[in-house]
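Results of the structural survey
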Amino acid sequence: MSAMPPATTAGAQIDIAAIDPDVLRERLTGFFRDAGGDHTAARPALLALFKEIIAESRAYAEVQLNESGDGRACAAYLSDTMDHIISAVHDYASAHIYHQSADRTTERMAVMATGGYGRALLAPGSDIDLLFLLPQKKCPWGESVAEYVLYLLWDLGLKVGHATRTIDQCLKLSTADVTIRSALLDARFIHGDWQLSRDFNQAFWLDVDRQSARTFVEAKMRERDERHERSGRSRFLVEPNIKDGKGGLRDLHTLHWLAKYLTRNEPGADAVARGIFLKSEMSTFRRCEDFLWTVRCHLHFLTGRAEERLTFEYQQDMATRLGYRDARGLMAVERFMKHYFLVAKDVGDLTRTLSAALEFEQLKAAPRLDTLLNPLTWVARRNVRQTTEFKIENGRIRLNDPDVFKRDQVALFRVFRIANETGALFHPETFRAVRRNARRLDDEVRTADEPAEIFLDLLERAPAAEAILSRMHSAGLLGAYMPEFRSVTSMMQFNMYHHYTVDEHLLRTVGELKAIEAGKTQDELPLSTEIFPTIRHRRALYLAAFLHDIGKGRAEDHSTLGARLAKTICARMHMSEADTDLIVWLVEQHLTMSLMSQSRDLSDPRTISDFAAIVETPEQLKLLLLLTVADIRAVGPGTWNGWKGQLLRELYYATLRHLESRDDEAAPDDNEALKSGLRAALPHWSDAEFETFVARHFHDYWSKTDLSTQIAHAELIKDVDPTGDRIATSYNTDAFTEMTELRVLAPNHARLLSLFAGCCAAAGANIMSAQITTLRDGLVVDTFQIRRAFEDEADEIRRCERITTTIRRVLRGEVHLRDLLKSRAERQAHIDTFVVPPEVALDNAASDRVTVIEVSGRDRPGLLYELTTALSDLSLDIHSAHVTTFGERAVDAFYVTDLLGKKITSETR
């Protein structure tokens, strides 16, 4: 007789009675008898049966999950199936292998589930946590049965966490370790001696009553914070951990444990009665838990393992499994992830609300006294009671009138101004009242002067503006006040460049500006720190930072749409015409400086003049630089680096000089002045040596090459033997810019840049830019900026030696480049997940002397080598290359001419 349930029709609920226990026990007994009472001989049959049951039950569970979309029911079914298996194995071992003696007082055992399994929920790949509860320390029978159960489960390929303990041992360990205490909170009887299980429960809860609830609450909150630190502090990381990440299942488990510790029951009616949760919050808890369990079960089935991280490679398949479709300018995967992050936001809000409620009940430590002892803060808090609708008690803002927000919606904004001015936290009832009433915000308030002034003042002047705006966002006030912001709330962009959702990125951009203004990033951002005090339009800058990506998620270019939306928002907030124009301009141009600095030749005068025409004034140049820096730094960890900072500084200073001089053409004697500057920098050179160096260069070399590069070129060229192979290399590293500059001198030929790019690719070096200097005598100096790989200078130098050795060997024909490239196995990471249509654009307006070819497509190792090879095949002469990557997307710009040094103007060509 089969131990599996019959097939069900589509849409049927999962039948958790998946196994008939009596039938299963009869089959195991039959195996034992067929083996002549030899349990070792019977074991293969047992294992085969249980493997079949597990495989079929998981297949059944996956079918039902796909049909019903009920992850919680799926997890409950799998837990129930495992209960039956463990019970049957326990009975088999007790009946046929380790017989109990007549004295049943010691030979007793209760098999209990703990942890997540104790909550009767089991994801497809989850560990099975078991407690074998014994009446006394030494119980050979119980230890033997527990060992048999464990070994059989392990042979089935299951991951089992286990402990064999007495009641006293459980209590002692749970007192010392909050993780064990949490697991035992959910201890659930599976099989064996029910009385022993009941004795444990009574003893455990008596012990809980004797312990300090405050200690447990503090420990769980500390544990939660440490977990968030490990998995990423933001709820909005675009590859979230659905179990341990912020806003994931473990946060709900923490709420579950706290509620159970305080009420002896799971979150529910008792928690509502105690005022820990509102009824609506309990509904939110269940809704979020159901969604996260559904996602988790699908992810385990999709990957075939206990995968908890929702990485890019799985997100599209997950969206398909869950039935999402492309709509309203968003891909299906982006709609799925937006739903996920909205749930994560709700989980975070619930966690914050419960934490505040417990703290106010003094189960956690009292608020810090330092703010209470500050005279200015104390006076501000006293004035709150005397002059507003609020009061501050025990460091928490409370309502004098519970209906104040119904009567006066502007009070929703005043309470956040009070929080900023006094440093007080929100009482949970106050915060709940804000959340309830924010939904009722109307157009009259959205266009009123006072809310706009409070919002703008907090944005511009609050030192912790990011934190206070984040609290407004959690309360739903930002989205209610600014519907445009609500549209990008929890919006995820399906790419490897952006680490956070759009709303989180906007808040972090404001935070980055605050850090610059406060001088916290002076060592990393010397220019930005220097110019911030000199700007005249702080408010416009901060509002532009808050709005710069407000147009994302639509089919239209987000900078263009964002500018229109910004204009509407500024009008609603009664901004002046001048400030509105400036904000609109900043939003529309917020990507321009970054793209110009990274993908254009900054030594080309046309680049500078074109950019100067865009920024128009030194003030706008400063504002755009600050917005650009904050925007890049807010994208995510590792996105900003010293090289990007160096390029932005070069573009800033060159543009500032252009704006101040308004002189587009170099004076006739500029080259002579530049040569004189180099001569002064090389005092150890003879006049003959210097004149020989000058004679090797074409006229435009001096105007487009900075002094430090000229010096490096001079030192490289000086010692080359004209009768030898005329190959030389040099390099220098810079920890501040995080780049290494590599220079190669060699006889010129069409594929030289391609060879160098290939050598770097073979060595795993990431080229960011390449500048080609052609000499009159047939030599060429290629200068590469490659991303630094090591923090230690000695390690980086050894890497440079390896790269330059490879280049020399390739140029001398000692090794074939293609062999080197084949031998390097590159890991593609998530890149293969993404589709980036290749695009090629030719621009003859970006430079007066050359044609700019911009190529974009999916990044991959060796891409620059392949592109430069293709350009060489087209008989094009590459003067410089500029490499920009945005996650999986690469944008490479090449400054080229034909072999006669002319632009590519023929349409056919």
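If you're wondering where the values come from, they're calculated on a predicted model, not measured in any experiment.

Rules behind the numbers
Residues numbered from 1 in each chain as written. Predicted model: local features only at pLDDT ≥ 70, side-chain atom pairs only at ≥ 80, totals over all residues. Heavy atoms only, no water. Helix = DSSP H or I, 4+ residues; strand = E, 2+ residues; numbered from the N terminus. Buried < 20%, exposed > 50% of the residue type's maximum accessible area, 1.4 Å probe, protein only. Contact = heavy atoms within 4.5 Å. Areas by Shrake-Rupley, 256 points an atom, 1.4 Å probe, with all protein chains shown as cover. Lys, Arg positive; Asp, Glu negative; His and termini not counted. Charge placed at Lys NZ, Arg CZ, Asp CG, Glu CD. Pairing = 2+ DSSP bridges. Axes fitted to C-alpha atoms, helices over the stretch in contact; angles between N-to-C directions. Arc of directions from axis to C-beta. Nonpolar A, V, L, I, M, F, W, Y, C, P; charged D, E, K, R; others polar. Salt bridge = Lys/Arg side-chain N within 4 Å of Asp/Glu carboxyl O. Phe/Tyr/Trp six-rings, centres within 6.5 Å; stacked < 30°, edge-to-face > 60°. Left-handed = near helix turned anticlockwise from the far one by under 90°. pLDDT = per-residue confidence, 0-100. Disulfide = S-S within 2.5 Å. Core = buried A, V, L, I, M, F, W, Y, C linked by side-chain atoms within 4.5 Å. 1 Å grid on protein atoms, 1.4 Å probe; cavity = no way out; pocket = protein on both sides within 12 Å on 5 of 7 lines; lining within 4 Å. Points joined across faces, edges and corners; volume = space filled by probe spheres on them. Patch = residues over 30% accessible without salt bridge, like charges linked within 9 Å, V, L, I, M, F, W, Y side chains within 5 Å. Polar contact = N/O pair within 3.5 Å; in protein donor to acceptor, adjacent residues only side chain to side chain.

1. Overview of the overall build of the protein chain
When helices and strands are tallied, the protein chain shows 41 helices and 15 strands. Considered along the principal axes of its C-alpha atoms, the protein chain spans approximately 110 × 80 × 55 Å. Scored against the burial criterion, the 909 residues of the protein chain give a buried share of 55%. For the protein chain, the proportion of contacts with a sequence separation of at least 24, taken over those separated by at least 6, is 70%. Split by element, the accessible area of the protein chain, about 39300 Å² in all, is 50% carbon and sulfur. Taken together, the 114 basic and 133 acidic charged side chains of the protein chain have centroids lying 5 Å from each other.

2. Quick notes on the sheet that holds strand β2 (residues 128-134)
Strands sit in the order β3-β2-β1-β4 across an open sheet of four strands; the sheet is mixed. Of all strands in the sheet, those with a lone pairing partner are β3 (160-166) and β4 (188-192), marking the two edges. Averaged over all pairs of adjacent strands, the angle between their axes in this sheet comes to 25°, without regard to strand direction. Both strand β1 (residues 110-113) and β4 contribute to a ladder of four bridges, which runs antiparallel. What sits directly across from Met112, in β4, is Phe189. Packing of helix α6 (residues 167-176) onto the sheet brings it into contact with β2 and β3, and relative to β3 it is tilted by some 115°.

3. With respect to the pairing of strand β6 (residues 396-399)
Every regular strand shows the same layout, with side chains that alternate between the two sheet faces. The pairing of strand β5 (residues 390-393) with β6 spans four bridges and is antiparallel. Each bridged residue has a counterpart across the sheet, and for Phe390 the counterpart in β6 is Leu399. Here β5 hands over to β6 after two residues, with Asn394 in that stretch at a positive phi of 55°. Note that β6 and strand β7 (residues 425-426) share two bridges and pair parallel. Bridge assignment links Arg396 to a residue of β7, and that residue is Leu425.

4. Describing helix α35 (residues 687-695)
What α35 keeps buried is the set Phe690, Phe693 and Val694. The buried residues of α35 occupy an angular sector of 100° when projected down its axis, which confines them to one face. Turned more than 90 degrees from where α35 packs its buried face, Ala688 and Glu691 sit exposed. Among the structural elements, α34 (670-681), α36 (701-704) and α37 (707-718) are those in contact with the buried residues of α35.

5. A word on the packing of helix α25 (residues 502-517) against helix α27 (residues 538-547)
Contact pair α25 / α27: the axes reach a minimum separation of 7 Å and the direction vectors enclose 145°. Where α25 approaches α27, its residues Leu506, Leu507, Thr509, Val510, Leu513, Lys514 and Glu517 are matched on the opposing element by Arg538, Leu541, Tyr542, Ala545, Phe546 and Leu547. Class assignment for the residues of the contact of α25 with α27 results in nine nonpolar, one polar and three charged.

6. Topic: the pattern of salt bridges
If you walk through the whole model with that rule in mind, you get 59 salt bridges. Between Arg321 and Glu62 there is a salt bridge, with the nearest N and O atoms lying 2.7 Å from each other. With Arg321 in helix α13 (residues 312-321) and Glu62 in helix α2 (residues 39-68), the pair connects residues that are 259 residues apart, well separated along the chain. Residue classification places Arg321 among the partly exposed positions, given a relative accessible area of 25%. Measuring nitrogen to oxygen at the nearest pair gives 3.4 Å for the salt bridge that ties Arg398 to Glu393. A relative accessible area of 27% places Arg398 in the partly exposed class. What you see here is one network of salt bridges that share partners, running through Glu453, Asp457, Glu460, Arg461, Glu517, Arg538 and Arg539.

7. Remarks on unusual backbone geometry
Phi angles above zero are rare outside glycine, and His574 is one such case at about 60°. Residue classification places His574 among the partly exposed residues on the basis of a relative accessible area of 48%. The phi torsion at Ser875 lies on the positive side, around 60°, for a residue other than glycine. As for its placement among the helices and strands, Ser875 is situated in the loop between α41 (863-873) and β14 (876-886). Using a relative accessible area of 36% as the deciding quantity, one classes Ser875 as partly exposed.

8. Quick look at the environment of Asp442
Secondary-structure assignment places Asp442 in the loop between α19 (428-438) and α20 (443-446). Here the alpha-carbon distance between Asp442 and Thr263, two residues 179 residues apart in the chain, equals 40 Å.

9. Considering the sheet that holds β5
Here three strands make up an open sheet; going across it, the order is β5-β6-β7 and the pairing mixed. Of all the strands in the sheet, the pair left with one neighbour each is β5 and β7. Sheet strands in contact with helix α18 (residues 411-422) are β5, β6 and β7, and its direction is about 35° off that of β5.

10. Focus on the packing of aromatic side chains
On inspection of all chains with the given rule, the structure shows 24 aromatic pairs. Measuring from ring centre to ring centre gives 6.0 Å for Trp685 and Phe693, while their planes differ by 85°; the resulting arrangement is edge-to-face. For the pair Trp685 and Phe693, a shared accessibility class is recorded, and that class is buried. Centroid distance Tyr701 to Trp702: 5.0 Å. Interplanar angle 85°. Geometry classified as edge-to-face. Each member of the pair, Tyr701 together with Trp702, is buried.

11. What about the packing of helix α12 (residues 279-303) against α13?
Between α12 and α13, the least distance of the axes is 10 Å, while the angle of their chain directions is 120°. The way α12 lies across α13 gives a crossing that is right-handed. Between α12 and α13, the residues in contact are Val295, His298, Leu299, Phe301, Leu302 and Thr303 and Tyr314, Asp317, Met318 and Arg321, respectively. Looking at the contact of α12 with α13 residue by residue, the class counts come to six nonpolar, two polar and two charged.

12. Thoughts on the side chain of Arg539
With respect to the secondary-structure elements, Arg539 resides in helix α27. With sequence-adjacent residues up to four places away left out, Arg539 is seen in contact with Glu453, Leu456, Asp457, Glu460 and Met575.

13. What to know about the confidence of the model for the protein chain
The predicted model of the protein chain has a mean per-residue pLDDT of 86, with 90% of residues at 70 or higher. Looking at the elements of the protein chain, mean pLDDT is at its lowest for helix α15 (residues 370-373), recorded as 46, and at its highest for α27, recorded as 98. Ignoring residues within four places in sequence, the model shows residues 1-18, a span with pLDDT below 50, making 40 contacts including any to other chains. Note on residues 825-829: pLDDT under 50 across the span, and five contacts to partners over four residues away in sequence or across chains.

14. Considering the state of the cysteines
Taken as a whole and judged by the stated rule, the model has zero disulfides. In this structure Cys170 is a free cysteine whose sulfur lies 14 Å from that of Cys139, the closest cysteine sulfur available.

15. Concerning the nonpolar core
Core analysis: the largest hydrophobic core is formed by 112 residues, its most contacted members being Phe50 and Leu130. Per-element accounting of this core gives the leading share, 12 residues, to helix α3 (residues 71-97). Phe50 has contacts with Leu24, Leu28, Ile85, Ala88, Val89, Leu152 and Leu156, leaving out every residue within four places of it along the chain. In this structure, Val434, Ile468, Leu547 and Leu602 belong to the second largest nonpolar core, which totals 104 residues.

16. Quick notes on empty space enclosed by the protein
Applying the stated criterion to the full structure yields three cavities of 30 Å³ or more. The space that makes up the largest cavity amounts to roughly 100 Å³. Forming the boundary of the largest cavity are Ile54, Ser57, Arg58, Leu78, Thr81, Met82, Ile85, Leu122, Ala123, Pro124, Ser126 and Ile128. Elements represented by at least two residues in the lining of the largest cavity include exactly α2 and α3. Lining the second largest cavity, in full, are Leu525, Pro526, Leu527, Ser528, Leu625, Val629, Trp640, Gly645, Leu648 and Arg649. At the level of elements, α26 (526-531), α32 (618-633) and α33 (642-661) are the ones that each hand at least two residues to the lining of the second largest cavity.

17. Some details on a positive patch on the surface
A surface patch of positive charge is lined by Lys406, Arg436, Arg439 and Arg440. Mapped onto the secondary structure, Arg440 falls in the loop between α19 and α20. By relative accessible area, which is 47% here, Arg440 ends up partly exposed.

18. Points about the environment of Thr580
Positionally, Thr580 belongs in helix α29 (residues 577-588). The exposure class of Thr580 is buried, given its relative accessible area of 8%. In this structure the C-alpha to C-alpha distance between Thr580 and Ala544, which are 36 residues apart in sequence, comes to 9.6 Å. What Thr580 contacts, discounting residues up to four positions off in sequence, is Lys567, Cys570 and Met575. A polar atom in the side chain of Thr580 sits 2.8 Å from the backbone oxygen of Ser576.

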